[in-house]
Amino acid sequence: MTDSPILELVRKIATALVDDIAHIEINELSGNMTNVIELKVAKSDVGKLIGRQGRTADAIRTIVNCAAAKWKKRYILEIIDQ
């Protein structure tokens, strides 16, 4: 089974930002109206994904929502440390 284009987008962004790419895990939880993407990274890399005052995380969420609009879906990105 292949990942959706949105999951591949999140994987590319996370790979570019974190140091420990071996600990990247991405899961999608599908709902009726909204899908949740759980992005798990190493504890030392969480700050790189969140950024100062959450600006990087907000930017990633904006990119994901703009890409998802093409398929008329809504995604919520949750960043989780391992």
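Structure's up top.
Residues numbered from 1 in each chain as written. Predicted model: local features only at pLDDT ≥ 70, side-chain atom pairs only at ≥ 80, totals over all residues. Heavy atoms only, no water.

A. Focus on the pairing of strand S1 (residues 25–29). Pairing of S1 with strand S2 (residues 34–41), which is carried by five bridges, proceeds in the antiparallel orientation. Bridge pairing in S2 places Glu25 opposite Lys40. (Pairing = 2+ DSSP bridges. Helix = DSSP H or I, 4+ residues; strand = E, 2+ residues; numbered from the N terminus.)

B. Inspection of helix H3 (residues 55–68) at higher detail. Compared with an ideal rise of 1.5 Å per residue, which puts 14 residues at 20 Å, H3 spans 20 Å between its outermost C-alpha atoms and is within 8% of the ideal. Considered for burial, the residues of H3 that qualify are Ala57, Ile60, Val64 and Ala68. Viewed end-on, H3 has its buried residues packed into an arc of 70°, placing them on one side of the element. Among the exposed residues of H3, those pointing more than 90 degrees away from its buried face are Arg55 and Cys66. Lining the buried residues of H3 we find helix H1 (5–17), S2, helix H2 (46–50) and strand S3 (74–81). (Expected span 1.5 Å × (residues − 1). Buried < 20%, exposed > 50% of the residue type's maximum accessible area, 1.4 Å probe, protein only. Arc of directions from axis to C-beta. Contact = heavy atoms within 4.5 Å.)

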